[in-house]
Structures are given as structure tokens and as C-alpha cells.
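# Residue-level structure breakdown
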Amino acid sequence: MNYRYSRQILFKDIAEAGQEKLQKAKVAIIGCGALGSHIAETLVRAGVGTIYLADRDYVESSNLQRQQLFTEQDAIDMKPKVIAATKRLLDIRSDVTIYTYFQHVDNALIEKLAKEVDLIMDGTDNFETRLLMNDAAYKYNIPWIYGACVGSSGVVFPFIPKQTPCFRCLLPALPSLNESCDTVGIISPAVHITASIQCAEALKILTGNIDAVRKKVHHFDCWNNAQMDVGVSKIRKEDCLTCSVQAIYPELQSSENSRFAVLCGRDAVQILPSKRRKLSLDEAELVAKKINATWKKTTYFEVIFKESYKIIVFQDGRMILHGLQDINQGRKLYTELFG
Ligand SMILES: [Zn+2]
């Protein structure tokens, strides 16, 4: 028996055969913040062979309260989350294969990952990316495990093509996500419970224990001591664009995702590079000099500080404008600075 995994192998529903399946498994983790970093650590420790980590963000000190893979130095260095996470994960287990994607998760990336992996784990914080994951998972017939948390509560559901209704079908039945952890806060136990339940479902799926997979949407509130499981099998929509015979996977079809997006609750607007014009880090530096701004260059991006704004330009031309709350302000500032 492999000593490292001996306690997991003793667990009869996993055993040697399940452990071998985990070693061969390929899992994409979309988002590497609170949920994603917990999920990544749990699956790496469990022996999953290959992990694909995708996240567009860098580590900030406000992440450290709940995002368990990151350190103070990562926040000081503003390290991309996928880079900081990978270093820590390889310290935990040196024989895991990890592919990182430090970028906005768009339809091209999600489709590429869905073709390669056995399972997609939701570590995101927004509906748009979940709709993308949902379309890709149902198109390529692989499960994805939804997880969301805010305050002291969380929701988990494993979406399994051909067995469960999809995320698009369930949207009206899921709790409102108008609140975000940036506006109402979050306690780390809510994150860890959500991610742990997602990982339990992942272990069941990856080891072939499909009958054990939960069939109801699980809600909990660990502060107010409440939990409930809601049956959703009858919620499937006959004309669903993702999981019915009329499926067209609309999220995967858009030729170019919207270039400007508000990053929920973060006082920031993200701008994706246009195909016609992709700003380089050198150009960003020239702009910073021209407007008499201060700037800081890291291996992965350049930060420009101007008045109350902080502008981050990434190597791929993507940009995050901090200090703004709506897209029009973002467009205006972008045009003023970069033409
Ligand atoms: Zn559906």
C-alpha cells in the first residue's frame, strides 16, 4: 500500500483502485481565490495527478484571512494567485503536474480545458464564468461542481450532464447572489465548508462512486446553524439552451466576450485587450511617464498610480482599473490615458 495515501486507501469506498483513479485524474480549477485555493490544496493532497489552475488576479493582503495558500510576501510581491498557489502546492506534493493560466477565463480557455479534463471545479465568484463552465461541461459531457459562499453561508451542487439539470435551468432557484464577499464580508469557515463539500463530491466522482454523489442543492449557514437540501430534479427546462436537445451552448458562441467588465465589489473595471490594439508593458511605462504618474514593474505586470486610481497592465494586454465603479468611467479613463 502507498504509505502516503494509506489512510485514504483504508477508506473502503476509495481503496487502492480509487487511489489509482485519482492519480490518473485531470481536474480544472477555475478561480484560485478562497474556494479555488482550498480546493487545489485538498485535491493535491488527495493525490489527483494533474491540476489546471486558472485565475486572472494577484494576491492582496485582504485575501490572507481566508485564501489559505498565500503568504504576506505573496501580497507584498503582488504575485499572480496561480503562481503563488503553484509554488505552495509543489511544496506540499512534488509529483503533481500543475498547468497555470494567469488570464481572464474566456470561452476559448474554458473550451480547451473542458476537452482535456475529467472534472471542472468552481472556484469563481461570478455568474458569467459559471455560465461558461456550465456550457463547456455540458458540451463535453464532464461534471462540474458549483460552489458559492458569502457571509457565513454557502451553496454546493454537482452538475452532471445527462443526470442533473444544468446551472442555467437552476438559476431561478438558486439564492440571489447580489451580495458578494466584498460588500457583506465572509468568514473563512464558510469558505472551507463550501470547498470541502465540493471536494468530497469531486472524490466521489473521480473514484467512480457516482451513486454517492449528492442529488440535492446543499445550503448551509454556519453562523445561524442552519442547513437544507433542496431537490431540483424537476427544475430542468425543456428548452434549455445548455442541457436540452436544443442545446446551442450560447456562452461558448460569443466571438469576443465583452471587453469591459466591472469586477464585482472591488471598485475596479477590467478591460480585455482589443484584437486591434494590445498594450505592451513598455507602452504602459511610456504612458505613465507622459502623465507624470508613478509606476512599479513586476515580472508579470506594471502598476501605474495616478491620483486615486491604480491601473494594472498585464503582459497579455489585459488591464484592471482600480478606483472605478462603472464601465463608462472605465472607458473614459482608458481613452484618456491610452487613446
Ligand atoms: Zn439546463
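Residues numbered from 1 in each chain as written. Predicted model: local features only at pLDDT ≥ 70, side-chain atom pairs only at ≥ 80, totals over all residues.

## Notes on the sheet that holds strand E10 (residues 268–271)
- Spatially, six strands are ordered E9-E10-E14-E13-E12-E11 in an open sheet, and the strand pairing comes out antiparallel. Both edges of this open sheet fall to strand E9 (260–263) and strand E11 (294–297), since each of them pairs with a single strand only. Going from strand to strand, the sheet's axes swing by 20 degrees on average, the running direction of each strand aside.
- As paired strands, strand E13 (residues 309–314) and strand E14 (residues 319–322) are joined by four bridges and run antiparallel to one another. By the bridge assignment for E14, isoleucine 312 is matched with isoleucine 320.
- The sheet contacts of helix H12 (residues 281–290) involve E11, strand E12 (301–306) and E13, and relative to E12 the element is tilted by about 15 degrees. (Pairing = 2+ DSSP bridges. Helix = DSSP H or I, 4+ residues; strand = E, 2+ residues; numbered from the N terminus. Axes fitted to C-alpha atoms, helices over the stretch in contact; angles between N-to-C directions. Contact = placed C-beta atoms within 7 Å.)

## Considerations on the domain arrangement of the chain
- Here the domain parsing of the chain yields domain 1 (3–253) and domain 2 (260–338).
- Each of domain 1 and domain 2 has a C-alpha centre, and the two are 29 Å apart. (Domains from an automatic or database assignment.)

## Some details on the nonpolar core
- Residues Val27, Ile29, Ala40 and Ile120 are the most contacted members of the largest nonpolar core, which totals 71 residues.
- With ten residues, the single largest contributor to this core is helix H10 (residues 188–206).
- Those residues in contact with isoleucine 29 that sit more than four places away from it in its chain are Gly36, Ile39, Ala40, Ile51, Tyr52, Leu53, Met121 and Gly123.
- Within the second largest apolar cluster, 20 residues are counted, among which are Ala268, Ile271, Val303 and Leu337. (Core = buried A, V, L, I, M, F, W, Y, C linked by C-beta atoms within 7 Å. Buried ≥ 20, exposed ≤ 12 C-beta atoms within 10 Å, placed from the backbone.)

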